[in-house]
Every structure is written in structure tokens, then in C-alpha cells.
Amino acid sequence: QVQLVESGGGLVQPGGSLRLSCAASGSIFSVMGWYRQAPGKERELVATVGSSSSTNYADSVKGRFTISRDNAKNTVYLQMNSLKPEDTAVYYCRADRIMVMTKYIYWGQGTQVTVSS
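Let me sum up the structure you'll find in this document. (Residues numbered from 1 in each chain as written. Predicted model: local features only at pLDDT ≥ 70, side-chain atom pairs only at ≥ 80, totals over all residues. Heavy atoms only, no water.)

Glancing now at the environment of Tyr57. Examined against the element boundaries, Tyr57 turns out to sit in strand β6 (residues 55–57). Residue classification places Tyr57 among the buried residues on the basis of a relative accessible area of 19%. For Tyr57 and Gln109, which are 52 residues apart along the polypeptide, the C-alpha to C-alpha distance reads 21 Å. When neighbours within four sequence positions are excluded, Tyr57 is seen to be in contact with Val46, Ala47, Lys62, Phe65, Thr66 and Ile67. A polar contact of 2.9 Å, which involves the side chain of Tyr57, links it to the backbone nitrogen of Ile67. (Helix = DSSP H or I, 4+ residues; strand = E, 2+ residues; numbered from the N terminus. Buried < 20%, exposed > 50% of the residue type's maximum accessible area, 1.4 Å probe, protein only. Contact = heavy atoms within 4.5 Å. Polar contact = N/O pair within 3.5 Å; in protein donor to acceptor, adjacent residues only side chain to side chain.)

Scanning the entire structure with this criterion turns up five salt bridges. The salt bridge involving Glu44 is made with Arg36; its shortest N-O contact spans 2.8 Å. Here Asp96 makes a salt bridge to Arg94, at a shortest N to O gap of 2.9 Å. With a relative accessible area of 6%, Asp96 lands in the buried category. Through salt bridges that share partners, Arg36, Glu44, Arg64 and Asp87 make up one connected network. (Salt bridge = Lys/Arg side-chain N within 4 Å of Asp/Glu carboxyl O.)

Pasting the structure below:
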């Protein structure tokens, strides 16, 4: 059974930093990543990292956020620096698994990030 367990969210002041973690279990995943959803908005990509550590970022977080993964621990991290109020959202971990040419997508339960003074 696949499980994604997120941690690290919270309240931080503008300009501050947070580090999110997502521990996966139950499979090996080709791509892991973070998405976010602000109130009244659709869920959007934040960053993804492949099994070979290739990364992809949304333009809005480039230069501020860093995604990484530890394959031995099956864990993906999101280091968020220089946080802005517009980064406030529920952040979701996502993990993709490919089996027999079919992609399966798994989501974590979400962790709240609030950037406010």
C-alpha cells in the first residue's frame, strides 16, 4: 500500500524559510514533487524531481525553492526560502509510479504553509 506522509508546514513571516518533507512507502517512484493549492485557486505545480535528480520548477518559485530527494529513504524535500505571502497554500506531495506502461499518481494529505506577518 502506497503512503505519502508530509511534514514541515507552518506559519512563517515574509522572507522566512521552511522545509517540507514527504516520506513515501510502498513502491519506488519515477517522479516525486510538490504542488500547492491556495484558497479559491486550482492546484498548481511547484517543483518536481526525477529519479535521476532532474528538476523542474514553476517560474514563481525559481531561485527561492529547492527540491531534492533521497532515494535511499524514498523521501522528497522542498526547501523554501524568501517566502512571500503569495506562497500561502496547502502543499501536497505527489509521487508517480509507472507499471506496465501505465502511470499511477499518488497524493499526500497536504500540509498548510502560511506566510504572514
